[in-house]
Amino acid sequence: MKIISIVGARPNFMKVAPIHRAFNRTPDKIISKIIHTGQHFDEKMSQIFFDELELPVPDYFLGVGQGTHTEVTARIMLDLEPIFQNEKPDLVLVVGDVTSTFAAAIVAQRNGIKVAHVEAGLRSFDRGMPEEINRLLTDQISDYLFITEESGMINLAKENIPQEKIFFVGNCMIDSLAYYTDKTSNTQHLAKYGIESKDYIIMTMHRPSNVDHEQGLINIISIIKEIGKRKKIVFPVHPRTSNKLESMGLMEELKSLNIILTEPLAYLEFVTLMRYSSLILTDSGGVQEETTYLGIPCVTFRKTTERPVTVDLGTNILMDDLNVEKTIQTVNSILDGHGKKGTIPPYWDGNAAIRIRDILIQEFYS
Ligand code: UDP
């Protein structure tokens, strides 16, 4: 069975790495190839992940780069079609909810190739998020839908996806976290930033709803100003956010604050920093799950989350806007010891990729 997995942006790499590793352990059954669309292409958002996560040089690199959603989608589709026609894979595997996910799924489907979607069924019910549209459309045209949490089952049933296509396997992003426990459990990495275990907070922000308008950025700066009085803050700035800060003339003000600003961090370093932090302020999808697994309190600046298990069972709290007062109250309460303790959701045990592989082998060879 030939399977082509698609990666495109930062949150894809740590999901595909354990899947590719699992496929490679059964070479008599699966030929595993990887296509990188090049949606994220620079050293800090892409190459470093290939090196650290032991991913091979991709079989194809499309280099689609930046552009509007339409431009990027169209370029990926045009570039992928001849590759799929030439390679004739039995299955195209897509992960998550980025533009590359949907673009690859539709090209595969139109060329009569089966599609597997890893991390299917997640819904924020906020159609203003481009990712939500990618999730909805990808799930509608997938043949195998691998879900990370129970909410996925309920959402897909409501959308009339047949039960027999849905498999509750757990979370491949957590597979990577579990696999690299040893490499991310060394407090020596903290010294470089002058921080010690539990004496700092991490912040990540990059969703358009928070960083694409001036008021959002001003609120982020006010929050940092206040919280910085109590704890050190480490803020690896996403390229989208730094572009917006620069273009709105707010970067200098941010730099003048009591804050440790960095470029986007390499995966192992970022996970190490998460593991020893006292809490995380974020709007990331994946970080909500990783903090739940690590037992670190997480405050997520979103109205809704497509990953409700992180709130129901995990350590996540939703903050529906960038309200300075409310955020400071919540952060103070967590730092005073009232954060959620949380438990690890079912099947988040490091073996999701193996389950996916075994299901696919069973389906194809029986
Ligand atoms: N991440 C990283 N370096 C950073 C920030 C995040 O390696 O500086 C990792 C993080 O651990 C998680 C993934 O990137 O595995 C999340 O990606 P991102 O927040 O960009 O995307 P989202 O999950 O919001 O789609």
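Our structure's up above, just so we're on the same page.
Summarised in this report is the structure supplied together with it. Given the structure is predicted, the values throughout are model-derived calculations rather than measurements.

Of regular secondary structure, the protein possesses 17 helices and 13 strands. Relative to the globule expectation of 21 Å for 366 residues, the C-alpha radius of gyration of the protein, 20 Å, shows essentially globular dimensions. Within the protein, buried positions represent 59% of all 366 residues. Contacts in the protein between residues far apart in sequence, at least 24 positions, make up 70% of those at least 6 positions apart. In the protein, which carries 38 positive and 47 negative side-chain charges, the distance between the mean positions of the two groups comes to 1 Å.

The parallel open sheet is built from 6 strands, whose spatial order is β10-β9-β8-β11-β12-β13. Since the sheet does not close on itself, it has two edges, and those belong to β10 (260–262) and β13 (316–318), each with one partner. With direction set aside, neighbouring strand axes in the sheet form an average angle of 20 degrees. Inspection of the sheet shows strand β8 (residues 200–204) paired to strand β11 (residues 279–282) by 4 bridges, in the parallel sense. In the sheet register, Thr 204 faces β11, and the bridge partner there is Thr 282. Most of the contacts of helix α13 (residues 267–275) go to β8, to which it runs at about 135 degrees, and overall it touches β8, β9 (232–236) and β11.

Once that is clear, we can look at the side chain of Ser 100. As for its position among the elements, Ser 100 is in helix α4 (residues 99–110). Discounting residues that sit within four places of it in the chain, Ser 100 has contacts with Ile 6, Gly 8, Thr 37, Gln 39 and Ile 76.

For the rest of this paragraph, the subject is the site of the ligand. Lining the immediate surroundings of the ligand are 17 residues, of which Leu 265, Ser 284, Gly 285, Gly 286 and Glu 290 lie closest. Ser 284 has a polar side-chain atom sitting 2.7 Å from an oxygen atom of the ligand. With respect to the ligand, the side chain of Glu 290 contributes an N or O atom lying 2.6 Å from an oxygen atom. With the chains in place, 96% of the 540 Å² that the ligand exposes on its own is no longer accessible. Grouping the constituent residues of the shell around the ligand by class yields 10 nonpolar, 4 polar and 3 charged.

Working note: a packed helix pair is described by the angle between its axes plus the distance between those axes. Remark: helix α7 (residues 172–179) packs on helix α14 (residues 286–294), axes separated minimally by 10 Å, with the N-to-C direction vectors making an angle of 50 degrees. The angle between α7 and α14 places the two elements in the oblique class. As α7 packs across α14, the resulting crossing turns out to be right-handed. Taken together, the residues of α14 that come into contact with α7 (itself represented by Met 173, Ile 174, Leu 177 and Ala 178) are Gly 286, Glu 289, Glu 290, Tyr 293 and Leu 294. Residues that form the contact of α7 with α14 fall into these classes: 6 nonpolar, 1 polar and 2 charged.

For the structure on display, the rule yields 28 salt bridges. Note that Glu 253 and Lys 225 form a salt bridge whose closest N and O atoms lie 3.4 Å from each other. Note that Glu 253 is positioned in helix α12 (residues 251–255) and Lys 225 in helix α10 (residues 214–227), a separation of 28 residues in sequence. Judged by relative accessible area, Lys 225 falls into the partly exposed class, the value being 41%. Note that Arg 357 is salt-bridged to Asp 358, the shortest N-O span being 3.0 Å. By relative accessible area, which is 11% here, Arg 357 ends up buried. Members of the salt-bridge network, linked through shared partners, are Lys 15, Asp 97, Glu 119, Glu 132, Arg 135, Glu 289, Arg 302, Glu 306 and Arg 307.

A positive phi angle, near 60 degrees, is found at Asn 160, a position not held by glycine. Along the chain, the position of Asn 160 falls in the loop between α6 (150–158) and β7 (166–168).

Right, let's get into the environment of Ala 22. The residue Ala 22 is located in helix α1 (residues 10–24) in this model. Contacts of Ala 22, omitting those with residues within four sequence positions, involve Ala 353, Ile 354 and Arg 357.

Conventions and cut-offs
- Residues numbered from 1 in each chain as written.
- Predicted model: local features only at pLDDT ≥ 70, side-chain atom pairs only at ≥ 80, totals over all residues.
- Heavy atoms only, no water.
- Helix = DSSP H or I, 4+ residues; strand = E, 2+ residues; numbered from the N terminus.
- Rg over C-alpha atoms; globule rule 2.2 N^0.38 Å.
- Buried < 20%, exposed > 50% of the residue type's maximum accessible area, 1.4 Å probe, protein only.
- Contact = heavy atoms within 4.5 Å.
- Lys, Arg positive; Asp, Glu negative; His and termini not counted.
- Charge placed at Lys NZ, Arg CZ, Asp CG, Glu CD.
- Pairing = 2+ DSSP bridges.
- Axes fitted to C-alpha atoms, helices over the stretch in contact; angles between N-to-C directions.
- Near = heavy atom within 4 Å.
- Polar contact = N/O pair within 3.5 Å; in protein donor to acceptor, adjacent residues only side chain to side chain.
- Areas by Shrake-Rupley, 256 points an atom, 1.4 Å probe, with all protein chains shown as cover.
- Nonpolar A, V, L, I, M, F, W, Y, C, P; charged D, E, K, R; others polar.
- Parallel < 35°, antiparallel > 145°, perpendicular 65-115°, else oblique.
- Left-handed = near helix turned anticlockwise from the far one by under 90°.
- Salt bridge = Lys/Arg side-chain N within 4 Å of Asp/Glu carboxyl O.

By themselves, these are just geometric observations and shouldn't be taken as functional.
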